[in-house]
Amino acid sequence: MEEKKMNKGTLCVQAGWKPKNGEPRVLPIYQSTTFKYETSEQMARLFDLEESGYFYTRLQNPTNDAVASKIAELEGGVAAMLTSSGQAANFFTAFNICEAGDHIVSATSIYGGTYNLFGVTLKKMGIECTFVDQDAPEEEIAKAFRPNTKMMFGEMISNPGVMVLDVEKFARIAHRHGVPLVVDNTFATPINCRPFEWGADIVTHSTTKYMDGHACCVGGCIVDSGNFDWEAHADKYPGLCQPDESYHGLTYTKTFGKLAFITKATSQLMRDLGAIQSPQNAFLLNLGLETLHLRVPQHCKNAQAVAEWLEKCDKVAWVNYPGLKSNKYHALAEKYLPNGSCGVLSFGLKGGRDVAIRFMDNLKLIAIVTHVADARSCVLHPASHTHRQLTDEQLREAGIAPDLIRFSVGIEDVNDIIADIQQALG
Ligand code: PLP
């Protein structure tokens, strides 16, 4: 059977590492910075990108490549690259497309770290970002575009607002303006949604979340669909469509076709910025990926039960989970995430901010941690933790109420999770 046609569960377990006769069944950790060659001429060909092969782990490593290729297959993309973190994945993606003087249009309701990256750090590098309400009508969002806009960005399910992106709408707007749509698919994972099937061009991940799933290692990944026609907008994308002086005048789109984006990110950005994922972490990530198709449905099932319980509880002011019929994003979730959204939900308690903090302090099984999306249930108060750098106005724009408790429902027995919530409320 052709592996490309295999189902996601099989890809989770077996894609990426294909041992030859007598080789280890389990993906080995290539714990080596360097790779040996017989002649200096061969090594030179590798440096000139005339031949593919490994020479230095900052650029490529066989363990990392096997895991990247598994994620690329899961997303239905042509190529992928692992990065040291999800932040690095989004930074490298933006910087692989944009340079000083360029502009990005991004949904406002995104992870606080990415909001800062786009709004503050990229600005210092000469790249500006306009944030838009992802639920606004197309004509309204289109007004944010400028002649120098080079990319559009949104999160499939936003962190922490758990808002579902109308990815088809975003893709239409992006393509009408001749720019690629980048979707951060961290919370949905390819098990629940493949944004490429809805028009996204590039997908990013914080693999730190469900993909690893055990809170073991920080990591990221960039996947390219190979669908965006950079050459059709060659004047906008000189970095991809014009000769790269730092690579002997090679033009990525001409030499590498559909692999241009990931090859440039690897050979230019990884070479110069060096945010590689360690092979040890890539190995652990691969173990997580082997059970992704089992864990994600369980997270969703538990989160649905917890959300329904909270909705009925008289101490709870509001619950936000796309799986609830009452939710603003339920229709979008049914369209894009028919098998479930994610294990993350948010809610507020009657009594507001102080009650929320007391409730969290009373939890026993569910831990307060700065993390989401691993096997263990955990909570966080974004206004006092992850998003504390945002003003109240910015918090509201990002869809975060001051009393919002972000709850990452794990894969423990759901009765024990609900019992812990119940006793903490008591
Ligand atoms: N994207 C999303 C949706 C996230 O939730 C996060 C982190 O929480 C990131 C990116 C950044 O990832 P990392 O923490 O791996 O750098």
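Please refer to the structure placed before this passage.
In this text the structure is predicted, and so the values were computed from the model without any measurement.

*Asks:* Can you walk me through the packing of aromatic side chains in this structure?
*Replies:* Taken as a whole, this structure holds 14 aromatic pairs when the rule is applied. Both rings, one in F47 and one in F55, keep their centres 4.3 Å apart while their planes meet at 50°; by these two values the pair is tilted. Judged by its relative accessible area of 43%, F47 is partly exposed. What makes F55 buried here is its relative accessible area of 12%. Centroid distance F228 to Y237: 5.9 Å. Interplanar angle 90°. Geometry classified as edge-to-face. As far as the burial class goes, F228 and Y237 line up, both buried. By the ring-pair criterion, three or more aromatic residues cluster together here, those being F228, W230, Y237 and F261.

*Asks:* Even after reading the chapter, I still don't get the site of the ligand, so can you show me in this structure?
*Replies:* Near the ligand lie 15 residues; those nearest to it are N159, D184, S206, T208 and K209. In the environment of the ligand, an oxygen atom lies 2.7 Å from a nitrogen or oxygen atom belonging to the side chain of N159. A distance of 2.7 Å separates an oxygen atom of the ligand from a polar atom in the side chain of K209. Here the ligand loses 90% of its free accessible area of 390 Å² to cover by the protein chains. By residue number, the principal contributor to the shell around the ligand is helix α4 (residues 86-97), which donates three residues. Here the shell around the ligand is composed, by residue class, of three nonpolar, nine polar and three charged.

*Asks:* When you look at the sheet that holds strand β1 (residues 79-83) in this model, what are you seeing that I'm missing?
*Replies:* Strand pairing within a sheet occurs via backbone hydrogen bonds; the two strands may be parallel or antiparallel. What the seven strands build is an open sheet, ordered β1-β7-β6-β5-β4-β2-β3; its pairing is mixed. At either end of the open sheet lies a strand with only one pairing partner, and these are β1 and β3 (128-132). Adjacent strand axes in the sheet meet at a mean angle of 20°, parallel and antiparallel pairs treated alike. Direction of pairing for strand β6 (residues 202-206) relative to strand β7 (residues 220-224): antiparallel, over a ladder of five bridges. When the sheet's bridge partners are listed, H205 is paired in β7 with C221.

*Asks:* Mind showing me how you'd approach the sheet that holds strand β8 (residues 316-320) here?
*Replies:* Overall, mixed pairing links the five strands, which are arranged β8-β9-β12-β11-β10 in an open sheet. The outermost strands of the open sheet, each flanked by one partner alone, are β8 and β10 (367-368). With two bridges connecting them, β10 and strand β11 (residues 378-380) associate as parallel partners. Within the sheet, the bridge partner assigned to A367 lies in β11 and is C378. The sheet strands contacting helix α13 (residues 292-312) are β8, β9 (344-349) and β12 (405-408), and the helix crosses β9 at an angle near 15°.

*Asks:* Explanation requested: the pairing of β3 in the structure shown.
*Replies:* On any regular strand, side chains alternate: one points to one face of the sheet, the next to the other face. The pairing of strand β2 (residues 103-107) with β3 spans five bridges and is classified as parallel. Paired with H103 across the strands is E128, a residue of β3.

The rules behind each value
Residues numbered from 1 in each chain as written. Predicted model: local features only at pLDDT ≥ 70, side-chain atom pairs only at ≥ 80, totals over all residues. Heavy atoms only, no water. Phe/Tyr/Trp six-rings, centres within 6.5 Å; stacked < 30°, edge-to-face > 60°. Buried < 20%, exposed > 50% of the residue type's maximum accessible area, 1.4 Å probe, protein only. Near = heavy atom within 4 Å. Polar contact = N/O pair within 3.5 Å; in protein donor to acceptor, adjacent residues only side chain to side chain. Areas by Shrake-Rupley, 256 points an atom, 1.4 Å probe, with all protein chains shown as cover. Helix = DSSP H or I, 4+ residues; strand = E, 2+ residues; numbered from the N terminus. Nonpolar A, V, L, I, M, F, W, Y, C, P; charged D, E, K, R; others polar. Pairing = 2+ DSSP bridges. Axes fitted to C-alpha atoms, helices over the stretch in contact; angles between N-to-C directions. Contact = heavy atoms within 4.5 Å.

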